[in-house]
Amino acid sequence: MAEVKLIYFAWLRERIGHGEETAVLPPGITTVAELVSWLRGRGEGYARAFAQPDIVRAAIDRRHSRPDTPLAGAREIAFFPPMTGG
Amino acid sequence: MAEVKLIYFAWLRERIGHGEETAVLPPGITTVAELVSWLRGRGEGYARAFAQPDIVRAAIDRRHSRPDTPLAGAREIAFFPPMTGG
Amino acid sequence: MTAAHPSKIVRVQEEPFDSAALAAELSAGRTDIGAMVTFTGLCRDENGALAVLELEHYPGMAEEEIGRLATEAVSRWSLIGVAVVHRFGPIRPGEMIVAVVTASVHRQAAFEAASFLMDYLKTSAPFWKKEHRADGGDAWVEARATDEKAMDRWRASGQVLPHK
Amino acid sequence: MTAAHPSKIVRVQEEPFDSAALAAELSAGRTDIGAMVTFTGLCRDENGALAVLELEHYPGMAEEEIGRLATEAVSRWSLIGVAVVHRFGPIRPGEMIVAVVTASVHRQAAFEAASFLMDYLKTSAPFWKKEHRADGGDAWVEARATDEKAMDRWRASGQVLPHK
């Protein structure tokens, strides 16, 4: 799979320890939910950030996605808590 | 009955020909509806102004009233079409 | 600084007004307002046929009736502040006729109270519009059935009204 | 002069803004607007505990997502114009965080579209608030269940959403 840019916001960013990275996703990681599971295994910060995967939101190439959204063709995948703007 | 001030607005004023007058109401005129009936008999302008009494609104001492509202104690009675402010 | 009482501003005037200054007046010196809604109603002319809109009003009652509506809105939605300005006299296309400003802690109260005030102003404040057309003709504006219907939804939700 | 196309203004910026200037920009030179609603969301501090509110955002997506919401509002309510400005960075109590302006022929469309936009901005625009307290502590603001519920009423009325 091609290299993707991963971005984290708010307390996900704080728990993971950085706001941005690039990653080459292993084969078998084809949806948002699968990507979250894979990221949880990357270390303590990731495990804490994704401890409650149900409340984490994701956007693929700047559009909101759902757990079953396919990653195919994604260049930029962002993870963040529920939004509190407005 | 005491003297009352009668005020007319918009097309009621135009049809009647003046915006304000004082009147001594005859005995037996105790509600808004009775006053309207009495005014209709005062001449052609009044008859035209109150031709459709259902759509004419009235206020007694600057508060909206209904056809059955008693006139007792009224000092200022206003008649006008449905309002079109805002 | 936090003011203890809700602010209430009611004005009926011939002069043009500045709705932004009105909103600023309502919120000045406060940090307890979370949401403000400013509604402005403008004199509209889609095709150049309107020369001027003339607003007749019932002096005295106009201020009193709007004051009653503002008091009702403040208590019904626990507003921090409310302001209503309504013009009378000649008004040209593009000019403001009316402004309503509501201030509250959360947005829903400000939205609902502003909508309520406009629905009531349309059907209960003693103002009457006459259109003077560019071709020299004139005509009184008729009340819209949809305005009366809009007011009915507040009536249906428990509001006791002074008339109808 | 009557502009043929609806005006759309979307801004995401760190600097304070003037909501009245925004409304004036939207209505400049037009006489076809009958109703304008301006909503402003302010940084609230009821008891002096808040020093500053910090707004983090997703650059690029914030503008795009608000743009999508604005386009949806224009088509759904046939708006004449819409403007949304949302700030990021540090915001002090009493300052504006967000403004939404809607312009339409009749008032109901302007009210509903402004309310819709605010409901969506709260739950769908990528911004996150962190409160820095006067006592030195800080905490991320949690999403309100009532905001999610407010959005659901638009979903229930037929709106197809990009997520959830």
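The sections below set out a description of the structure shown in this document. (Residues numbered from 1 in each chain as written. Chains lettered and ligands numbered in written order. Predicted model: local features only at pLDDT ≥ 70, side-chain atom pairs only at ≥ 80, totals over all residues. Heavy atoms only, no water.)

Residues and elements named next belong to chain D. What the four strands build is an open sheet, ordered β5-β3-β7-β8; its pairing is antiparallel. With one partner strand each, in any of the chains shown, β5 (89-91) and β8 (138-140) form the two edges of the open sheet. In this sheet, adjacent strand axes meet at a mean angle of 25 degrees when their direction is disregarded. Note that strand β7 (residues 127-133) and β8 share three bridges and pair antiparallel. From the neighbouring strand, Glu 131 faces β8, where its bridge partner is Ala 139. (Pairing = 2+ DSSP bridges. Helix = DSSP H or I, 4+ residues; strand = E, 2+ residues; numbered from the N terminus. Axes fitted to C-alpha atoms, helices over the stretch in contact; angles between N-to-C directions.)

In a beta sheet, neighbouring strands are held together by backbone hydrogen bonds and run either parallel or antiparallel to one another. Residues and elements named next belong to chain C. Pairing in this open sheet of four strands is antiparallel, and the strands run β5-β3-β7-β8 from one edge to the other. If you trace the sheet from one side to the other, it starts and ends with β5 (89-91) and β8 (138-140), each paired once. Strand-to-strand, the axes of this sheet are offset by a mean angle of 25 degrees, without reference to chain direction.

Of the residues lining the interface, 22 residues belong to chain A; the matching set on chain D comes to 31 residues. Together chain A and chain D conceal approximately 2200 Å² of surface at their shared face, both sides included; 54% is due to carbon and sulfur atoms. Connecting chain A to chain D are three salt bridges. As a salt-bridge pair, Glu 56 of chain D and Arg 13 of chain A come within 2.4 Å of each other at their nearest N and O atoms. (Contact = heavy atoms within 4.5 Å. Buried area = accessible area lost by both parts, 1.4 Å probe. Salt bridge = Lys/Arg side-chain N within 4 Å of Asp/Glu carboxyl O.)

Okay, the interface of chain D and chain C next. Across the contact, 33 residues belong to chain D and 33 residues belong to chain C. Together, Arg 44, Arg 107 and Phe 111 of chain D form the three largest contributors to the area buried by chain D at its contact with chain C, with a combined 26%. Taken together, the links from chain D to chain C amount to two salt bridges. A salt bridge links Arg 107 of chain D to Asp 119 of chain C; its shortest N-O distance comes to 2.7 Å. Sorting the residues of the side of chain D that touches chain C by element identifies β2 (35-42), α3 (107-124) and α4 (145-156) of chain D as the ones contributing at least two each. The greatest single-element share of the side of chain D that touches chain C, amounting to eight residues, is contributed by β2 of chain D. When its residues are assigned to classes, the side of chain D that touches chain C shows 14 nonpolar, nine polar and 10 charged. Pairing geometry for strand β2 (residues 35-42) of chain C and β2 of chain D, over seven bridges, is antiparallel. For Phe 39 of chain C, the partnering residue across the bridge sits in β2 of chain D and is Val 37 of chain D. (Nonpolar A, V, L, I, M, F, W, Y, C, P; charged D, E, K, R; others polar.)

All names here are of chain D. Along β2, eight of the eight residues are buried, which leaves the element largely enclosed by surrounding structure. Here β2 shows two buried faces, one formed by Ala 35, Val 37, Phe 39 and Gly 41 and the other by Met 36, Thr 38, Thr 40 and Leu 42. Pairing analysis gives eight bridges linking β2 to strand β6 (residues 96-104), with the strands arranged antiparallel. Residue pairing in the sheet places Ala 35 in a bridge with Ser 104 of β6. (Buried < 20%, exposed > 50% of the residue type's maximum accessible area, 1.4 Å probe, protein only.)

This structure, assessed with the given rule, holds 20 aromatic pairs over all chains. Ring plane angle 20 degrees and centroid distance 6.3 Å describe the contact between Tyr 8 of chain A and Phe 79 of chain A, whose orientation is recorded as stacked. Here Tyr 8 of chain A is found in strand β1 (residues 3-8), whereas its partner Phe 79 of chain A is found in strand β5 (residues 76-80), with 71 residues between them in sequence. Just as Tyr 8 of chain A is buried, Phe 79 of chain A falls in that class too. Ring geometry for Phe 111 of chain C versus Phe 39 of chain D: centroids 5.2 Å apart, planes at 15 degrees, classification stacked. You can see Phe 111 of chain C sitting in helix α3 (residues 107-124) and its partner Phe 39 of chain D sitting in strand β2, one on each of two chains. (Phe/Tyr/Trp six-rings, centres within 6.5 Å; stacked < 30°, edge-to-face > 60°.)

Under the defined criterion, the tally for this structure stands at 28 salt bridges over all chains. Here Glu 64 of chain C makes a salt bridge to Arg 62 of chain B, at a shortest N to O gap of 3.0 Å. Separated into two different chains, Glu 64 of chain C in helix α2 (residues 61-77) and Arg 62 of chain B in the loop between β3 (57-60) and β4 (63-64) make up a pair that spans both. Here Arg 133 of chain D and Asp 135 of chain D are joined by a salt bridge, their closest N and O atoms 3.4 Å apart. The class for Arg 133 of chain D is partly exposed, based on a relative accessible area of 34%. The class of Asp 135 of chain D is exposed, set by a relative accessible area of 62%.

In the superposition of chain D on chain C (RMSD 0.0 Å, axial shift 0.0 Å), the rotation amounts to 180 degrees. With respect to symmetry, the two chain copies, as superposed, fit the operation of a two-fold axis. Most of the interface of chain D is mirrored in chain C, where 100% of its interface residues again form contacts. (Least-squares fit on C-alpha atoms with pLDDT ≥ 70 in both.)

This paragraph deals with the arrangement of the chains. With three pairs of chains in contact overall, the contact-richest pair is chains C and D. The least C-alpha distance between chain A and chain B, which are not in contact, is 29 Å. Without any contact between them, chain A and chain C keep their closest C-alpha atoms 10 Å apart.

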